[in-house]
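The primary structure of each chain is shown beneath.
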Amino acid sequence: MGCEGAICLNQGRRAVRCGGFLGARLRSGSLRPTEQRGVGDGILLDFGKGIFAVADSSDRNPSFSRRFLLRLSDALEGLPRLGTGDVCGEAEMAALKAEVEVRSATVLGEMSSPTESCTLTAVLILRTEAEWRGLVLHTGDSLLLQCDLGGRTVRRITESNFWMVGRTRRFFQVEYIPLTERSRLLLATDGFTGLRLPAAGTREDRVRQLFDEHPVEEVPDALIDGCDAVDGIRDDLALVSLEPAGIFFNDRRVLLGGTTTYLERRFQEGLTSGQFRNLYEPAPRAGVSV
């Protein structure tokens, strides 16, 4: 079915589409036959605030990413201009960035841990008088790529580092990036580097090609279905593709991944029984967690 102007969930694929604006997909890693564990990669799609993020926990405590994404989303509740599409002036943008840094520092302090950690790459989409802008929050080795279809360029916005949530009191990067109607964004955890892309050209070239050839909501499926390794041991992978100018605000919040071993076992049982279908359907009104 079409997902234009609606949030559609595919529980079997652990994927979300919102036509003309967003695609997301979580793919669990491949395991040795004797292993069963949770999925440490997580995705937050907070349509109410315009916040979209990926995170990657260690195998030791895979659910930490989910708990952190939820806590960060809650901490940013009530900030002016988030989730409204209203035009922000320069002074408002500066004040918002400062408040996000203060609130996120509080959360990072609260979630400091000697045994748990995760990465974070997030973008908050805001509107200014001349353009859209993204407020990037980043720490660790997940990544954000920005594609300009007009200029046919792709650049990596984030820098890999060892500042992990659970070990740091502030994000490694908090910065605005300019966005246009031709901008496309791809957020990914480090499992992205394990995709088998065509030999010709770079990984960035392939991302630009996919944004050229596919609607934005189809890009995560195209990457995983067309480039995933089918043999060997794979890392978990979380992907979110965005067309910022097509942003769709809604009061729903979707969380994928960041599961315990118990929850992952239940999910796999649901796949086997047919409870979770490989079909895009309108997401329920309540918050979604898969």
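To be clear, the structure that these remarks concern was listed above.
Remember, it's a predicted structure, so these values are computed and weren't measured experimentally. Each chain carries its own residue numbering, running from 1 in the written order of its sequence. Restriction of local features to residues with pLDDT of at least 70 applies here, the model being predicted, together with a cutoff of 80 or more for giving and counting side-chain atom pairs; totals for whole chains, interfaces and linings are based on all residues. Note that the side-chain values use all heavy atoms of the structure and ignore hydrogens as well as water.

Asker: Mind showing me how you'd approach the sheet that holds strand 9 (residues 143-148) here?
Answerer: Hydrogen bonding along the main chain pairs the strands of a sheet, whether they run parallel or antiparallel. Should DSSP find at least two bridges between two strands, the strands are regarded as paired. Helix numbering and strand numbering both begin at the N terminus, where a helix is a DSSP run of H or I of at least 4 residues and a strand a DSSP run of E of at least 2. Read from one edge to the other, the open sheet built from eight strands follows the order 10-9-12-13-3-2-1-15, with strand pairing classed as antiparallel. Each edge of the sheet is formed by a strand with only one pairing partner; in this case those strands are strand 10 (153-156) and strand 15 (281-282). Of the strand pairs in this sheet, strand 1 (residues 8-10) and strand 15 are connected by two bridges, and their pairing is antiparallel. Residue Leu9 lies in a different strand from strand 15, and its bridge partner there is Glu281. Contacts: residue pairs with any heavy atoms within 4.5 Å of one another. Axes here mean lines fitted to C-alpha atoms, for a helix over just the part in contact, with angles spanning 0 to 180 degrees between N-to-C directions. Those strands touched by helix 3 (residues 203-213) are strand 9, strand 10, strand 12 (183-188) and strand 13 (237-242), and its axis lies near 125 degrees from that of strand 12. In this fold helix 4 (residues 219-227) packs onto strand 2 (15-18), strand 3 (22-27), strand 12 and strand 13, with an angle of close to 35 degrees to the strand it touches most, strand 3.

Asker: Is there a simple way to explain helix 2 (residues 90-110) in this structure?
Answerer: Owing to its 3.6 residues per turn, the α-helix brings residues three or four apart onto one side. Over its 21 residues, helix 2 extends 31 Å from the first C-alpha to the last, a length consistent with the 30 Å expected when each residue adds 1.5 Å. Only protein chains enter the accessibility calculation, which uses a 1.4 Å probe; a residue is then buried when its area is under 20% of its type maximum, exposed when over 50%, and partly exposed in between. Within helix 2 the residues assigned to the buried category are Met93, Leu96, Val100, Ser104, Val107 and Leu108. Seen along its axis, helix 2 keeps its buried residues to an arc of 100 degrees; they face one direction. Those residues of helix 2 that are exposed and angled more than 90 degrees off the buried face are Ala91 and Val102. The elements touched by buried residues of helix 2 are helix 1 (64-75), strand 6 (87-88), strand 7 (120-128), strand 8 (132-139) and strand 11 (173-179). What a helix is expected to span follows from its residue count: subtract one and scale by 1.5 Å. The directions considered for the arc are those from the helix axis to the C-beta atoms.

Asker: What am I meant to see in the packing of helix 3 against helix 4 here?
Answerer: Two quantities define a packed helix pair, namely the angle between the helix axes and the distance between the axes. At a minimum axis distance of 10 Å, the contact between helix 3 and helix 4 shows a crossing angle of 125 degrees. Regarding the angle of helix 3 to helix 4, the classification is oblique. Considering how the two elements wind past one another, helix 3 and helix 4 form a crossing that is right-handed. In this structure, helix 3 contributes Arg206, Leu210 and Phe211 to the contact, and helix 4 contributes Val219, Ala222, Leu223 and Cys227. Of the residues that constitute the contact of helix 3 with helix 4, the class distribution is six nonpolar, no polar and one charged. By the definition adopted for this analysis, an angle is roughly parallel if under 35 degrees, roughly antiparallel if over 145, roughly perpendicular if from 65 to 115, and oblique otherwise. Helix crossings fall into two classes, left-handed where the near helix is turned counterclockwise from the far one by less than a right angle and right-handed where it is turned clockwise. Polar here means any residue other than Ala, Val, Leu, Ile, Met, Phe, Trp, Tyr, Cys and Pro, which are nonpolar, and Asp, Glu, Lys and Arg, which are charged; Gly is therefore polar.

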